[in-house]
Amino acid sequence: TMGVSILYSTADPATAVTLGLSFTPRVTLGEGMKVSLSLPGFTHGNSTAFVTIGTSDIESGTGTSPAFVASGSADTVFEEASWTQNTSTLVLTVKAGASIPANEEKSVFVMSTAGIETPPSTGPAVPYHVNADVTALRLDWLSPFPKKTSPRLGFVVQYTTDATFAEDVQTVDFPEQLASGVLDSAHLTYLVSDMEANSTTVTLPAEAYSGEHSHLAGKYIKIDTEIMLVTSVSTPTLTVERGRVDTGAGAHPVVVGQPTSDSTPCACSAGVTSAGGGTCGCTQIYLVYVGATTPSRNDGKDSKVAAGCAIRAATCNPNNYDFSLSTSHAGFRTHQTGMISHGVNDKVDWVNGGCGSSCETISMQTGREFGNPVSYPSQVTVSEPGNPNDMPKAEATTLSSGVTTGTGYSYLALTDTSTSILLGSAGDLLQRYIKIDDEFLYVESLTTGVATISFADSPGAGCILGDGTLVETSSQGRGFVGTYEVNSTDGTILNISITNTGSGYKAGPPQISINPGANCTTYPTFAVTLSSNVAVVQRGAFGSTAAAHDAGATVYKLWWPTQGTVTAPGRQYFFRTAAYNAAGFSAWKYYGIGFNAHDPSNIPTRGQVEVEFAVEGMGIKNANHSVWFGHPNPDGSPDFSRSRECTSVTILDVAGTRLNCRAPAWDGQAHDVFLRYYDGMVERLRFISSGIRYFPPDVTSVSPALVPSRGVVTMTIFGNDFSSLTANR
């Protein structure tokens, strides 16, 4: 989320307006990325649900906020924008080859010719500052430092709009970032010839490896204090990049130190001092493991939680993560950062395993997960939540096709007024938005409705069309609508069209007949079958237009905005990460707010006490968090009318494992605690039942202690922790 300042060419109500937008992104906005901002009450002149705004209506700005103005020239970053009428959302898209650097102010003007209008006189006031969502995700996570017994090559991150990780899963690879980090090393061999400062090869001794050792490619080695990256191997020579991980390139002699006597210089044999005595030594080569880190957090590594709490202390590591390098080492945790945005992250290539009989070539499958071979595009995407057409969706089923039965047939015809429709499979579509062709629909309920109508005996005879409608003569359901056609030659009933399947037929199928106005010589009798795959729907959602749809049309389910629950609201992405090395993958670590402990849990009624929480999964900015004491609604969401906020939230640990807040003045035996983290389109909530209680009242004295038996006497009660709320006394 980022703040956007807005200028208006006019504040008159219901008037086409030029919008000047200025913002400073926290991350670099690359090509294809979108900036989405909501303008409540604003409309578009032609009332179209989705409007594309072209280059001619977008100008660049000059100057800085608040004194920025339109330049009169087409913007070179945003080549198009879109307006979504029903959500009053403006979306700007960065064009191919363009970008906006992080922390650099950008201004742009959407001209009045684009057709966006201010709210009507009865609508909300125009805002001069709003928050906008950016289609980029930045993930920060922690891990123990890798050991030489369990080295690590990097991480994979999966993100999805499906909380069960069954569908719409995208996978991104984050190799070790080696700009910083503590080192763990193992002795490899020794240097056999002097190495100059500009040399790019290292020769291994013949006895060190008798065969192929290409496994060293991509690894780090250390000679003296210099770290080098092995880029390729041609036995016994290693080609290296010098001075990596902030170390300088220098000369490295085979022999080092001072001999006991100048007459007997230092000498080495097979990496061991063979002559010279004194401080003579032989230069060794070490294999080095460098932690995957980002220098943006504690230079990428740290050994303390919050303010001085040792990483391995029980109170600072309640989940007993193995942060140790060895039994005698204090241990480090490393900080990782991963960025995901439109089309800039290549997905993981997973090994197929089906490499044929020879297995000389390993086949790779781009973008596939082990055990879940679902193909994806070659690059990942982040959906823009302001435009329903950009919301993630998955093919769910089809509209049921016409079914031929008996001597006649019925078919389904979804018109623009149908409110109950028959699907091939209802599946998990309950209370979810679906999309058919260009229309969005909301599934209110799943029920049983009419699937087919056939002739029980004959198609009738001598019928006059009448109004061509079918009627229910006996039914415990409701809403059925159907029509029929009449053969003009013999008056038999032809095609039967079901336009509304009806709903609620739990006691069996309804009795259906043609409208009495048809006036048949011989009336047909119908055989009716039911289906439980009937969806009762609201039509034309998200400002789309209700329309007729052909049987067999594909039905898509939308993951937003009703994917979430009260603890995982709509427009959510869900995340998990795993570390990997040459042997395979670790267990998945799922993102969520974890609660371990808090102190104190008993609060004086005056409040103003700092309460500290030991948690997991919180962020790094104070403003993205809130803590509430109170009670839930029946559906489990916080009832803020019966809750009070714990103010002045402060993040104590850059890893998001510690925070505190200042308790409000209140009373009560037990209150639930709600921990909330929110940023952009990611929000998480953690509920702690009866986590906080306030001290009960303590009466120390009453004055006067003796009162007359008659009359009214004013008494004063002295004590502690009386409620500050008069209604609660």
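Presented here is a report on the structure given in the accompanying data block. This is a predicted model, so every value here is computed, not measured. (Residues numbered from 1 in each chain as written. Predicted model: local features only at pLDDT ≥ 70, side-chain atom pairs only at ≥ 80, totals over all residues. Heavy atoms only, no water.)

### Some thoughts on the overall build of the chain
Then, in step 1: Looking only at helices and strands, one finds zero helices and 56 strands in the chain.
Then, in step 2: The burial tally for the chain puts 45% of its 729 residues in the buried class.
Then, in step 3: Contacts in the chain between residues far apart in sequence, at least 24 positions, make up 67% of those at least 6 positions apart.
Then, in step 4: Working note: accessible area of the chain is about 33,700 Å², and carbon and sulfur atoms make up 51% of it. (Helix = DSSP H or I, 4+ residues; strand = E, 2+ residues; numbered from the N terminus. Buried < 20%, exposed > 50% of the residue type's maximum accessible area, 1.4 Å probe, protein only. Contact = heavy atoms within 4.5 Å. Areas by Shrake-Rupley, 256 points an atom, 1.4 Å probe, with all protein chains shown as cover.)

### Comments concerning the nonpolar core
Then, in step 1: Counting 36 residues, the largest nonpolar core has L19, F78 and L90 as its most contacted members.
Then, in step 2: At the level of secondary structure, the elements contributing two or more residues to this core comprise β1 (2-8), β2 (19-23), β3 (34-38), β5 (50-53), β8 (78-84), β9 (89-94), β10 (106-110) and β12 (129-134).
Then, in step 3: Among the elements that make up this core, the one with the highest residue count is β1 (four residues).
Then, in step 4: With near-sequence residues (within four places) excluded, L90 lies in contact with L19, L21, V35, S36, L37, I53, A81, S82, W83, V110 and I116.
Then, in step 5: With 24 residues, the next largest nonpolar core counts L137, V157, Y433 and M681 among its residues. (Core = buried A, V, L, I, M, F, W, Y, C linked by side-chain atoms within 4.5 Å.)

### Concerning the packing of aromatic side chains
Then, in step 1: Counting across every chain of the model gives 12 aromatic pairs.
Then, in step 2: For the pair Y8 and Y128, a centre-to-centre distance of 5.3 Å together with 85° between the ring planes defines the contact as edge-to-face. You can see Y8 sitting in strand β1 and its partner Y128 sitting in the loop between β11 (116-117) and β12, a full 120 residues away along the chain.
Then, in step 3: For Y128, a relative accessible area of 51% puts it in the exposed group. (Phe/Tyr/Trp six-rings, centres within 6.5 Å; stacked < 30°, edge-to-face > 60°.)

### Overview of a nonpolar patch on the surface
Then, in step 1: Among the surface-exposed residues, V699, V702, V707, V713, M715, I717 and F722 lie close enough to one another that they form a single nonpolar patch of about 560 Å² accessible area.
Then, in step 2: Its location among the elements puts V699 in strand β55 (residues 698-703). (Patch = residues over 30% accessible without salt bridge, like charges linked within 9 Å, V, L, I, M, F, W, Y side chains within 5 Å. Salt bridge = Lys/Arg side-chain N within 4 Å of Asp/Glu carboxyl O.)

### Description of the sheet that holds strand β37 (residues 439-455)
Then, in step 1: Read from one edge to the other, the open sheet built from six strands follows the order β32-β43-β36-β37-β42-β35, with strand pairing classed as antiparallel. The outermost strands of the open sheet, each flanked by one partner alone, are β32 (393-398) and β35 (420-422). Here the strands of the sheet are splayed against their neighbours by 40° on average, with no regard to which way each runs.
Then, in step 2: Judged from the four bridges that link them, strand β36 (residues 433-436) and β37 form a sheet pairing that is antiparallel. Across the sheet, residue Y433 finds its bridge partner in β37, namely Y442. (Pairing = 2+ DSSP bridges. Axes fitted to C-alpha atoms, helices over the stretch in contact; angles between N-to-C directions.)

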